[in-house]
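Chain and residue survey
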Amino acid sequence: SSGLHFARSPYQHLSVLRVVAWMAALMGAISLAGITPSLPVNTQTATLPTGYASHQLLSKPELVELRSAYASHFDLGNGQRLAVVGATPQNYQDAQGHWQPIQPEFTSIDGGWRIVHNTLRSAFVSDSTAVQVESGGQVFGWQPLALEINDDAGHAWELAVPQPGTAVQAEAMGTLLRYANAWSDDTLVEQFESGADMLEQELILATAPDVAFEGDWLSLRVDLVLPAGIQIVANGQAQTSEFTTRG
């Protein structure tokens with residue numbers, strides 16, 4: 001594991017998990033390398049009739065055998081097909097190699113939530129904001145350690161630490177998972193937002209920290225568990241122990 005001390009962020013929102021999600025997404029992107037949105041051979045582009053709404057498209061049969069990472073195909077009838085192509089993945093490959101629609105919503109399980117139907121899969125528990133992220137068979141662990149205020153002289157003052165346990169209040173609403181009472185400062189709210197091929201974390205402060213000393217920036221200290229052979233490169237070099245980087 002590596003300690004990550006990610007710093008230089010405004011007082012209201014602090015987000016670091018995106019770094020880990022990008023790393024995991026990059027591992028998954030390796031399997032998508034070389035895949036570009038394209039139309040099947042012997043097809044022509046066509047314009048939908050005026051007033052053709054998205055709900056009408058959903059009623060059309062999908063040509064499942066033509067699915068790819070970035071495209072889904074529909075049979076409009078009368079010999080016409082429509083390819084819906086996105087800039088981000090629309091489908092993911094399951095364990096059998098079949099393309100399935102991405103569903104980024106949090107699914108409730110015993111003791112927490114999971115996101116399974118996505119290129120970036122993740123697991124959460126109800127009594128802690130620790131996260132496990134998996135993509136392409138590679139598993140990343142994420143454990144917040146402390147929220148601190150720092151100055152450019154190298155001083156650090158601890159503001160809050162995670163407090164896992166039964167007092168934590170977690171609630172999932174579609175693609176948003178929100179934690180309250182998960183930190184020693186009960187005004188902090190931590191939340192995760194899921195999307196196609198992405199997972200973003202935010203630590204939200206209700207007000208600017210009320211401290212007796214003057215600091216220059218906030219930092220979130222976390223512990224990362226990386227897959228074998230995976231390294232974090234920051235500040236121009238590979239990091240194998242605790243380090244600080246500015247964002």
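For clarity, every value in this text was computed on a predicted model and none was experimentally measured. (Residues numbered from 1 in each chain as written. Predicted model: local features only at pLDDT ≥ 70, side-chain atom pairs only at ≥ 80, totals over all residues. Heavy atoms only, no water.)

Here the focus is the packing of aromatic side chains. One pass over the full model with this rule turns up three aromatic pairs. Taking 5.3 Å as the distance between ring centres and 70° as the angle between the ring planes, the aromatic pair formed by Phe106 and Phe124 counts as edge-to-face. Of the two residues, Phe106 sits in the loop between strand 6 (99-101) and strand 7 (107-109) while Phe124 sits in strand 9 (residues 121-125), which places them 18 residues apart along the sequence. On the basis of relative accessible area, Phe106 is assigned to the buried category, the value being 9%. (Phe/Tyr/Trp six-rings, centres within 6.5 Å; stacked < 30°, edge-to-face > 60°. Helix = DSSP H or I, 4+ residues; strand = E, 2+ residues; numbered from the N terminus. Buried < 20%, exposed > 50% of the residue type's maximum accessible area, 1.4 Å probe, protein only.)

A residue-level look at the chain finds 74% of positions with pLDDT of 70 or above and a mean pLDDT of 79. Segment residues 1-17 is flagged for pLDDT under 50; beyond a separation of four residues in sequence, or across chains, it makes 87 contacts in the model. (pLDDT = per-residue confidence, 0-100. Contact = heavy atoms within 4.5 Å.)

Right, let's talk about the nonpolar core for a bit. Counting residues in hydrophobic clusters, the biggest one holds 30 residues, and the most contacted among them are Phe106, Phe124, Tyr179, Trp183, Phe192 and Leu199. Put simply, the parts of the chain that give this core at least two residues each are strand 8 (112-115), strand 10 (128-135), strand 11 (138-150), strand 14 (176-180), strand 16 (198-204), strand 17 (217-225) and strand 18 (232-234). (Core = buried A, V, L, I, M, F, W, Y, C linked by side-chain atoms within 4.5 Å.)

The topology assignment puts Asp186 in the loop between strand 14 and strand 15 (189-195). Considered as a pair, Asp186 and Gln163 are 23 residues apart in the sequence and their alpha carbons are 9.7 Å apart.

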